[in-house]
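Analysis of the macromolecular model
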Amino acid sequence: MLKTSTFDYLNKFNYNYSMSYSDEFLENITIDVCKRTFMLYSDDGQKRKVKCDTTQQFMDVLQLINNSADPRIVEYVDISTTED
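The structure presented is a predicted model; accordingly, all values stated were derived computationally and were not measured.

So, about the confidence of the model for the protein. Within the protein, residue pLDDT values average 80, and 71% of them lie at 70 or more. Note on residues 13-21: pLDDT is under 50 here. Beyond four places in sequence and across chains, it has 25 contacts.

Further remarks concern the pairing of strand β1 (residues 26-32). The buried fraction of β1 amounts to 6 of the 7 residues, a majority that puts the element mostly inside the structure. The antiparallel hairpin formed by β1 and strand β2 (residues 37-42) contains 4 residues in its connecting segment, where Arg36 sits at a positive phi of about 55 degrees.

What follows is about the pattern of salt bridges. The tally for this structure, following the rule as stated, stands at 1 salt bridge. Of the charged contacts in the structure, one is a salt bridge between Asp70 and Arg72, with a shortest N-O distance of 2.6 Å. Assessed through its relative accessible area of 63%, Arg72 is described here as exposed.

Among the structural elements, Gln57 can be located in helix α2 (residues 55-68). Take Gln57: its relative accessible area is 16%, and that puts it in the buried class. In terms of polar contacts, Gln57 uses its side chain to reach the backbone amide nitrogen of Asp53, at 2.7 Å.

End to end, α2 covers 20 Å across 14 residues, agreeing with the expected 20 Å (1.5 Å per residue, within 8%). All of the buried residues in α2 are Gln57, Phe58, Val61, Leu62, Leu64 and Ile65. For α2, the angular spread of buried residues about the axis comes to 155 degrees, placing them on one side. Along α2, exposed side chains directed more than 90 degrees from the buried face belong to Gln56 and Asn67.

Conventions and cut-offs
- Residues numbered from 1 in each chain as written.
- Predicted model: local features only at pLDDT ≥ 70, side-chain atom pairs only at ≥ 80, totals over all residues.
- Heavy atoms only, no water.
- pLDDT = per-residue confidence, 0-100.
- Contact = heavy atoms within 4.5 Å.
- Buried < 20%, exposed > 50% of the residue type's maximum accessible area, 1.4 Å probe, protein only.
- Helix = DSSP H or I, 4+ residues; strand = E, 2+ residues; numbered from the N terminus.
- Pairing = 2+ DSSP bridges.
- Salt bridge = Lys/Arg side-chain N within 4 Å of Asp/Glu carboxyl O.
- Polar contact = N/O pair within 3.5 Å; in protein donor to acceptor, adjacent residues only side chain to side chain.
- Expected span 1.5 Å × (residues − 1).
- Arc of directions from axis to C-beta.

Below, the structure is given as structure tokens:
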């Protein structure tokens, strides 16, 4: 289940490539629309998977990313035509 803390986690990252005094940068966001998941990759090698239980949760996180993240670091997984 997506919790409010996920939004806090997303908001703590710097969404750019420039140097700053922050401890952590978000380098890449991979969005899988079919699975309703977001993979977040930071500059220090950490990754976090955000799985949304509902379409509304997915849309809320997607809107946050679209409004906040640098579009150069956002990518989408190709649509799968077969089930894993």
